[in-house]
Amino acid sequence: QVQLVESGGGLVQPGGSLRLSCAASRSIFSFNALGWYRQAPGKQRELVATITSGGQTNYADSVKGRFTISRDNAKNTVALQMDSLKSEDTAVYYCKAETLVLRANYWGQGTQVTVSS
């Protein structure tokens, strides 16, 4: 069983920054990939950013140049640095992990990010 706990969400003004963190209950070496997704009210959950075991990153077009995903192997965490936030970034952000062997997906509880003036 894998547990993922997100933190760092909150209320910020447009143009501001937030840093989200996801703590895993097991070594992140056991995951093929880690990622951040978000879901706004009335919309489907969408990909924000992913990072593979090899360090390859991928970003949604809407966040390229503004968001940065990173991992800390020693602390078993994955972070999402969000800069130049826009109102359309408002959503619940979820951490996701794909296990190495069975390729099962696990999700955190989510953390609310609200961008508003």
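Residues numbered from 1 in each chain as written. Predicted model: local features only at pLDDT ≥ 70, side-chain atom pairs only at ≥ 80, totals over all residues. Heavy atoms only, no water.

## Here's the deal with the side chain of asparagine 32
Note the cut-off: What counts as a helix is a DSSP run of H or I of at least four residues, what counts as a strand is a run of E of at least two, and both are numbered from the N terminus. Three exposure classes are used, based on accessible area relative to the maximum for each residue type with a 1.4 Å probe and protein chains only: buried under 20%, partly exposed in between, and exposed over 50%. Here a polar contact is recorded for every N or O atom pair within 3.5 Å, except that within protein the pair must consist of a potential hydrogen donor and a potential acceptor, and residues adjacent in sequence are included only if both atoms are side-chain atoms. Only heavy atoms enter the contact rule, under which two residues are in contact if any of them lie within 4.5 Å.
Its location among the elements puts asparagine 32 in strand S4 (residues 31–39). Using a relative accessible area of 12% as the deciding quantity, one classes asparagine 32 as buried. Within polar-contact distance, the side chain of asparagine 32 engages the backbone oxygen of threonine 99 at 3.3 Å. Every residue in contact with asparagine 32, bar those within four places of it in the chain, is listed here: Thr52, Ser53, Glu98, Thr99, Leu100 and Arg103.

## Some words on the pattern of salt bridges
Stated precisely, the cut-off is as follows: Note on definitions: salt bridges are taken to be side-chain nitrogens of Lys or Arg within 4 Å of carboxyl oxygens of Asp or Glu.
Enumeration according to the criterion identifies five salt bridges in this entry. A salt bridge links arginine 38 to aspartate 89, with the nearest nitrogen and oxygen atoms 2.9 Å apart. In this pair, arginine 38 is assigned in strand S4 and aspartate 89 in the loop between strand S8 (77–82) and strand S9 (91–99), connecting sequence segments 51 residues apart. An identical accessibility class is assigned to arginine 38 and aspartate 89; each is buried. Each of Arg38, Glu46, Arg66 and Asp89 takes part in a single network of salt bridges with overlapping partners.

## Things to note about the environment of alanine 33
Summarising the element assignment, alanine 33 is placed in strand S4. Measuring from C-alpha to C-alpha, the distance between alanine 33 and glycine 54 comes to 8.7 Å, with 21 residues separating the pair along the chain. Contact partners of alanine 33, with chain neighbours within four places excluded, come to Ile51, Thr52, Lys96, Ala97 and Glu98.

## A word on the state of the cysteines
Under the convention used in this document: Any two cysteine sulfur atoms lying within 2.5 Å of each other are counted as a disulfide.
One pass over the structure, following the stated rule, counts one disulfide. One disulfide in the model links cysteine 22 with cysteine 95; its S-S distance is 2.1 Å. Linking cysteine 22 and cysteine 95, the disulfide has an S-S dihedral of approximately -80° and is accordingly described as left-handed. With cysteine 22 in strand S3 (residues 18–24) and cysteine 95 in strand S9, the pair connects residues that are 73 residues apart, well separated along the chain. Taken individually, cysteine 22 and cysteine 95 each receive the classification buried, so the pair is uniform in this respect.

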